[in-house]
Amino acid sequence: MRSTANFSEQEWNCKCGACKMQVPHDMLPVTMRSTQMIRNYLNTPLSLTSAFRCKQHPNEVKKSKGGQHTLGTAVDIKVTNGADAAKIIAYAIKSLDVQGWAYSKRLGFVHLDWRDTGLMTWEY
Ligand SMILES: [Zn+2]
């Protein structure tokens with residue numbers, strides 16, 4: 001699976017300067033399908049600030065092992081207000097079995113992931 005109805009292949013790829021966006025993404029189909037369902041549910045254009053991350057991504061190299069983005073199980077969706085963030089998170093937990101979720105008002109995105117270790121949240 002390379003793209004979905006509203007998200008191009010480029011949007012799923014790593015956007016870091018190390019790989020220069022030349023690493024083909026390895027997103028899990030469930031992540032891609034679920035993200036598209038959020039887009040359908042909100043019925044408004046959405047952009048992904050981060051989806052797949054290569055192993056050289058600056059946010060990943062400092063971790064002892066790669067995070068959910070390197071496993072293809074996470075997306076960061078750009079949001080500009082708390083109401084949209086809450087709608088996305090509520091729908092994703094209730095209907096899409098999201099496990100990890102976090103909202104940064106300061107950075108303007110919602111993180112969602114489908115980790116296999118249960119519900120989890122944190123602050124940015
Ligand atoms: Zn990269």
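For clarity, every value in this text was computed on a predicted model and none was experimentally measured.

Trainee: Is there a simple way to think about the overall build of the chain in this case?
Mentor: Scanning the chain for helices and strands turns up four helices and four strands. Mapped in sequence order, the helices and strands of the chain form the string α-α-β-α-β-α-β-β. Here the chain has a C-alpha radius of gyration of 13 Å; the compact-globule value for 124 residues is 14 Å, and the two agree. Its C-alpha atoms put the chain at 35 × 30 × 25 Å along the principal axes.

Trainee: Looking at this structure, how should I read the pairing of strand 3 (residues 100-104)?
Mentor: Burial along strand 3 is one-sided: W101 and Y103 are buried, while G100, A102 and S104, pointing the other way, are not. Sheet topology note: the strand 3/strand 4 (residues 109-113) ladder contains five bridges and is antiparallel. Looking at strand 4, one finds that G100 is bridged to D113. The antiparallel pairing of strand 3 with strand 4 creates a hairpin that spans four residues between the two strands, and G108 there sits at a positive phi of about 75°.

Trainee: Would you take a moment to explain unusual backbone geometry for this structure?
Mentor: Negative phi characterises most residues that are not glycine, and trans characterises most peptide bonds. For N43, which is not glycine, the phi torsion reads 50° and is therefore positive. Checked against the element boundaries, N43 lands in the loop between helix 2 (29-42) and strand 1 (48-50). Under the C-beta neighbour-count criterion, N43 is labelled exposed, with 6 such atoms within 10 Å. In the Ramachandran plot, D97 falls in the positive-phi region, its phi being about 60° despite a non-glycine side chain. Position of D97 among the secondary structure elements: in the loop between helix 4 (82-96) and strand 3. D97 sits in the exposed class, given 10 other C-beta atoms within 10 Å.

Scoring rules and cut-offs
Residues numbered from 1 in each chain as written. Predicted model: local features only at pLDDT ≥ 70, side-chain atom pairs only at ≥ 80, totals over all residues. Helix = DSSP H or I, 4+ residues; strand = E, 2+ residues; numbered from the N terminus. Rg over C-alpha atoms; globule rule 2.2 N^0.38 Å. Buried ≥ 20, exposed ≤ 12 C-beta atoms within 10 Å, placed from the backbone. Pairing = 2+ DSSP bridges.

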